[in-house]
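Spelled out, the chains give:
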Amino acid sequence: MKEIVILGSTGSIGTQTLEVIRNNSDMHVKAIAAGNSTDLLFEQAHEFMPELVCVYNKDKAHKLEKQIKDAGLKNISVVSGMNGLIECATVSSADIVVAAVSGMIGIKPVIEAIKSGKDIAFANKETLVTAGHIIMPLVKKYGIKLLPVDSEHSAIFQCINGEHDNKLAKIIITASGGPFRGMKREELKGIKPEDALKHPNWSMGKKITIDSATMVNKGLEVIEAKWLFNTELDNIEVVIQPQSIIHSMVEFEDGAVMAQLGIPDMKLPIQYALCYPERRTLKGEHLDFYKISQITFEKPDIKTFEGLNLAYEAGRTGGSMLTVFNAANEKAVAMFLENKIGFLDISKIIKECMYTHENIANPSLNDILEIEKDVYKFIENRYAK
Ligand code: MG
């Protein structure tokens, strides 16, 4: 039996992970954690009977505890806060932790899970973007597997499987271009959250859907790829592939390009990470090349979608600049979703925060968390009036 922990079980990756588990009788849920959605957590606890359930929000944890008790569900403990998240991430006899919380909140639990020897199915790019220099050496030290769940990184991972020490000349990350592909800055001025939340191909959480619309998501993925595959930033290229059929590619030194293709369905990379190196049947639609008829490519428009460029800039600077890039984006996206700022303000705010930051080359975990707070404060003082 594979014992699985899901951090972020009520989000898009979390619920799809549970779907995969539902279809595989040799997988069991050991612990689940979420921020606020207690009703869904209760349903999940009822169906999967984990040992441990964490609600980040403490008041809501009490409510859930009562609900679970009233329903007569025995042997389920409810925990809360960062300590609760860490308790889930390190729970004994779990084999793998699905890190699917959104944002930098995942850093501490992921680090603790690695230290307790768990493999990680990784869907929390913000953690690697800001703390890759801390996490990757720990992965090595504790000998755990860091298995990418992000579709692009899973694709790259699948493309290099069995290639041993063959060097990569290039990583080519594909991007759908999001809902505003082809638009110019003028047209993006009046964009509202509901417009940005309509992604053409992928069904995802709110934050990542906005990140796709600004192309910040692609920038975060470039940096994530740099850490996961130990590559120079400038060997990573982004190509727009609007049909989202090619999930990413690698080029070897002899010019051979390997690509992984499939229907845009996150259950494939999730199941691959949970079963690695085994492949299993996955119900649902498979590719029909007669129906697709064409796959097209474009160069990203980095003048309109500055997020991607800013990510490369932050990535080249490295150190704490990556935390500034990420934290400024997290805050700006939250404010955009609350209708407090415009769509184009997101990249403007990231730029402002980056250009006023004095970089620390090798930030500690504490530095990272402090800088996150400072960036939030800076943006709040300036924009949240
Ligand atoms: Mg992705």
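Residues numbered from 1 in each chain as written. Predicted model: local features only at pLDDT ≥ 70, side-chain atom pairs only at ≥ 80, totals over all residues. Heavy atoms only, no water.

### Some points on the sheet that holds strand β10 (residues 246–252)
Defined as follows: Think of it this way: DSSP has to see at least two bridges between two strands before they count as a pair. Strands are runs of DSSP state E lasting at least 2 residues, helices are runs of H or I lasting at least 4, and numbering of each runs from the N terminus. For helices, the fitted axis covers only the stretch in contact; all axes are lines through C-alpha atoms, and the angles between them, taken along N-to-C directions, range from 0 to 180 degrees. Should any heavy atoms of two residues lie within 4.5 Å, those residues are counted as being in contact.
Ordered in space as β9-β8-β10-β11, the four strands form an open sheet in which the pairing is mixed. Single-partner strands in this sheet number two, and they are β9 (236–240) and β11 (257–261). Taking the axes of each pair of neighbouring strands and ignoring which way they run, one obtains an average angle of 20° across the sheet. Running over the sheet, helix α7 (residues 151–159) touches β8 (168–175), β10 and β11 and is turned about 40° from β10.

### Some details on the domain arrangement of the protein chain
Filter applied, for reference: Domain segmentation is taken from an automatic or database assignment of domains. Note on definitions: buried area is the accessible-area loss of two parts on being combined, 1.4 Å probe, summed for both. We count a salt bridge whenever a side-chain nitrogen from Lys or Arg sits within 4 Å of a carboxyl oxygen from Asp or Glu. Here a polar contact is taken to be a pair of N or O atoms separated by no more than 3.5 Å, where protein atoms must pair a possible hydrogen donor with a possible acceptor and residues adjacent in sequence count only if both atoms sit in side chains. As a working rule, the residues Ala, Val, Leu, Ile, Met, Phe, Trp, Tyr, Cys and Pro are called nonpolar, Asp, Glu, Lys and Arg charged, and the rest polar, with Gly in that last group.
Domain boundaries assigned for the protein chain yield domain 1 (2–148) and domain 2 (153–317). For domain 1 versus domain 2, the separation of C-alpha centres amounts to 25 Å. Every contact between the two is made by 29 residues of domain 1 and, on the other side, 27 residues of domain 2. Each partner contributes to the roughly 2300 Å² buried at the junction of domain 1 and domain 2, and carbon and sulfur atoms together form 67% of this total. Our count for the domain 1 to domain 2 interface comes out at four salt bridges. Residue Glu221 is joined to Lys125 by a salt bridge in which the shortest nitrogen-to-oxygen separation is 3.1 Å. For the pair domain 1 and domain 2, the interface holds eight residue pairs in polar contact (both at pLDDT 80 or more). Listing elements by their share of the side of domain 1 that touches domain 2, those giving two or more residues are β1 (2–7), α1 (12–22), β5 (96–99), β6 (119–122), α6 (125–142) and β7 (146–148). Taken together, the residues of the side of domain 1 that touches domain 2 sort by class into 15 nonpolar, eight polar and six charged.

### Observations regarding the packing of α6 against helix α15 (residues 321–337)
Inclusion rule: Throughout this description, any angle smaller than 35 degrees is read as roughly parallel, any larger than 145 degrees as roughly antiparallel, any in the 65 to 115 degree range as roughly perpendicular, and the remainder as oblique. Handedness of a crossing follows from how the near helix is turned relative to the far one, being left-handed for an anticlockwise turn of less than a right angle and right-handed for a clockwise one.
Between α6 and α15, the shortest axis-to-axis distance is 8 Å and the interhelical angle comes to 150°. By the angle between their directions, the pair α6 and α15 is classed as roughly antiparallel. Every pair of crossing elements has a handedness; the one defined by α6 and α15 is left-handed. On the side of α6, the interface is formed by Glu126, Val129 and Thr130, while α15 contributes Leu322, Thr323, Asn326 and Glu330. A breakdown of the residues in the contact of α6 with α15 according to their chemical character gives two nonpolar, three polar and two charged.

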